[in-house]
Amino acid sequence: MAIVLEGRPVARAILEEARDDLTAYVTQTGRLPELGVVLAGADRSALAYLRAIRRTFRRVGIPLRELALPADVSEPTLRAAAAELNRDPAVSGVLVLQPLPHHLPPGIASELVDPAKDVDGITATSAGRLALGLPTMPPSTPAGGMAILEHYGLPIAGRTAVVVGRSPVVGLPMALLLLAANATVTICHRGTADLAAATRRADILVAAAGRPGLITPEMVKPGATVIDFGVNVVDDQLVGDVEPAVAEVAGALTPVPGGTGAVTNAILVRHTLRAAWSALRAPHPSSVSAPNR
Ligand code: ADP
């Protein structure tokens, strides 16, 4: 049976480190960092995510600055709300909860956030820096997947990794992170001709397709490490993209729930602190006084 890669111990370790980091930050600056959160409307999954974020940030002691906007918010009002958080030097990171209401232009979330405060790696600047192999804050979900691999000491360099799914928030950035860690990476998607042939080659198999039961035991190389990012509700139960029977073939497997999902918010805490420290080194333009002449 596969080793179960529980997310909670990984999250706990990240949050413990974050508490020390927060103490150092408060000692040096005399203030707390804050995470700005933009919520428009009341989408169920956005609200569930917000509740989880509140819980995690409260555990560490980092306050949230929540801007809740109505579901019919206009694009200019939404932009103004985000700009207010971007401008405010007390706000270290900005998170836009998705999905945004459908009347807003697709992709607008990525334009709302100052890249210096982009704790969830959604801006074109963050995505571009990730693609270029430059230091950046990657999206928190795949960053959490990498943290799991690291925490359990699972080797990446030189391994064959196969990522199923190419979404900009999970599959694609996960593929880039694995590539940066020197895996040989294949990305599969809806157009892949023979998915099973590809996945069977994987030493590290990543499921990020949003399809319950997509990955069956026959598709998995014996002993492989399987990372399941699937978040699917089936008969009121949360299930991943990987069939439970895969545990009989895989060497290690993240459970759903309690796997990758348990780490995402801890990464957001880490990124908020990282953005706070960076802002000290390069003060936000609006907080810099004009030079004396
Ligand atoms: P997520 O946010 O979990 O990444 P998305 O719905 O945004 O989910 O993206 C789904 C991704 O999964 C797409 O890249 C799509 O091509 C891929 N995908 C969906 N179904 C399949 C499938 N049956 N086989 C391979 N890839 C799939």
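I will try to describe carefully the structure that is included in this document. Keep in mind it's a predicted model, so treat the numbers as computed, not measured.

### Some details on the packing of aromatic side chains
- Tallied over the full model, the rule gives one aromatic pair.
- Aromatic side chains Tyr-25 and Trp-277 sit 5.2 Å apart centroid to centroid with 90° between the ring planes, which places their arrangement in the edge-to-face category. Here Trp-277 lies in helix 9 (residues 261–281) and Tyr-25 lies in helix 1 (residues 8–29), a separation of 252 residues in the sequence. No difference in accessibility class separates Tyr-25 from Trp-277, as the two residues are buried.

### Concerning helix 6 (residues 140–151)
- For helix 6, spanning 12 residues, the distance from its first C-alpha to its last is 16 Å, which sits close to the expected 16 Å at 1.5 Å a residue.
- Among the 12 residues of helix 6, nine are classified as buried, and the element is accordingly described as predominantly covered.
- Regarding helix 6, the residues found buried are Ser-140, Pro-142, Ala-143, Gly-144, Gly-145, Met-146, Ala-147, Ile-148 and Leu-149.
- If you follow the buried residues of helix 6, they end up packed against helix 1, helix 2 (44–60), helix 7 (171–180), strand 8 (225–228) and helix 9.
- Looking at the residues trailing helix 6, positive phi occurs at Gly-153, about 65°.

### Some details on the pairing of strand 3 (residues 64–69)
- One ladder, built from six bridges, connects strand 2 (residues 35–40) with strand 3; its direction is parallel. Its bridge partner lying in strand 3, Leu-39 is registered against Ala-68.
- Handedness of the strand 2-helix 2-strand 3 crossover: right-handed.

### Things to note about the nonpolar core
- Among the nonpolar cores identified, the biggest contains 49 residues, and Leu-97, Leu-149, Leu-178, Val-206 and Val-269 are the most heavily contacted of them.
- Those elements giving two or more residues to this core turn out to be helix 1, strand 2, helix 2, helix 6, strand 5 (160–164), helix 7, strand 7 (204–207) and helix 9.
- Top element by residues in this core is helix 9. It accounts for seven residues.
- Here this core spans two domains, and each of domain 1 (29–117) and domain 2 (140–261) adds at least three residues to it.
- Sequence-distant contacts of Val-206, defined by excluding residues within four places in its chain, comprise Val-162, Val-163, Val-164, Met-174, Leu-178, Ile-227 and Phe-229.
- Core analysis: the second largest hydrophobic core is formed by 20 residues, Cys-188, Ala-198, Val-220 and Val-226 among them.

### Regarding the packing of helix 1 against helix 2
- At a minimum axis separation of 9 Å, helix 1 and helix 2 run at an interaxial angle of 50°. Classified by the interaxial angle, the pair formed by helix 1 and helix 2 is oblique. Contacts from Arg-12, Leu-15, Ala-18, Arg-19 and Leu-22 of helix 1 reach helix 2 at Thr-56, Arg-59 and Val-60.
- Taken together, the residues that form the contact of helix 1 with helix 2 break down as four nonpolar, one polar and three charged.

### So, the site of the ligand
- Residues in close proximity to the ligand include Val-164, Gly-165, Arg-166, Ser-167, Val-170, His-189, Arg-190, Leu-195, Ala-208, Ala-209, Arg-211 and Leu-214, which together make up its full environment.
- The contact in question runs from an oxygen atom of the ligand to an N or O atom on the backbone of Arg-190, over 2.9 Å.
- Protein chains bury 72% of the 580 Å² of accessible surface belonging to the ligand in isolation.
- Tallied by class, residues from the shell around the ligand come to six nonpolar, three polar and three charged.

Quick notes on the rules
Numbering of residues starts from 1 in every chain and runs along the sequence as written. This being a predicted model, a pLDDT of at least 70 is required before a residue's local features are given, and a value of 80 or more before pairs of side-chain atoms are given or counted; all residues contribute to the totals for chains, interfaces and linings. Side-chain measures were taken over the full set of non-hydrogen atoms in the model, leaving aside hydrogen atoms and water. We call Phe, Tyr and Trp rings a pair once their centres come within 6.5 Å, taking the six-membered ring for Trp, and we label the pair stacked below 30 degrees between planes, edge-to-face above 60, and tilted otherwise. Numbering goes from the N terminus for both helices and strands, where a helix is a DSSP run of H or I of at least four residues and a strand is a run of E of at least two. Relative accessibility thresholds used throughout: buried, under 20% of the residue-type maximum; exposed, over 50%; partly exposed, between the two (1.4 Å probe, protein chains only). In a helix, the anticipated span is given by 1.5 Å times the number of residues less one. By the convention used here, residues are in contact when the closest approach between their heavy atoms is within 4.5 Å. We treat two strands as partners when DSSP finds at least two bridges between them. We call a crossover right-handed when, viewed with both strands directed away from the observer, the connection leading from the first strand over the helix to the second proceeds clockwise. Remark: nonpolar core denotes a set of buried residues (Ala, Val, Leu, Ile, Met, Phe, Trp, Tyr, Cys) joined through side-chain atoms within 4.5 Å. An automatic or database domain assignment supplies the residue ranges for each domain. Only the stretch in contact is used when a helix axis is fitted, and all axes are lines through C-alpha atoms; the angle between N-to-C directions ranges over 0 to 180 degrees. If an angle is under 35 degrees, it is roughly parallel; if it is over 145, roughly antiparallel; if it lies from 65 to 115, roughly perpendicular; otherwise it is oblique. Residue polarity is assigned by list, with Asp, Glu, Lys and Arg as charged and Ala, Val, Leu, Ile, Met, Phe, Trp, Tyr, Cys and Pro as nonpolar; anything else, Gly included, falls into the polar class. A single heavy atom is enough: if one lies within 4 Å of a molecule or strand, its residue is considered near that molecule or strand. Here a polar contact is recorded for every N or O atom pair within 3.5 Å, except that within protein the pair must consist of a potential hydrogen donor and a potential acceptor, and residues adjacent in sequence are included only if both atoms are side-chain atoms. Per-residue and other accessible areas follow the Shrake-Rupley method at a 1.4 Å probe size, with only the shown protein chains counted as cover for residues.

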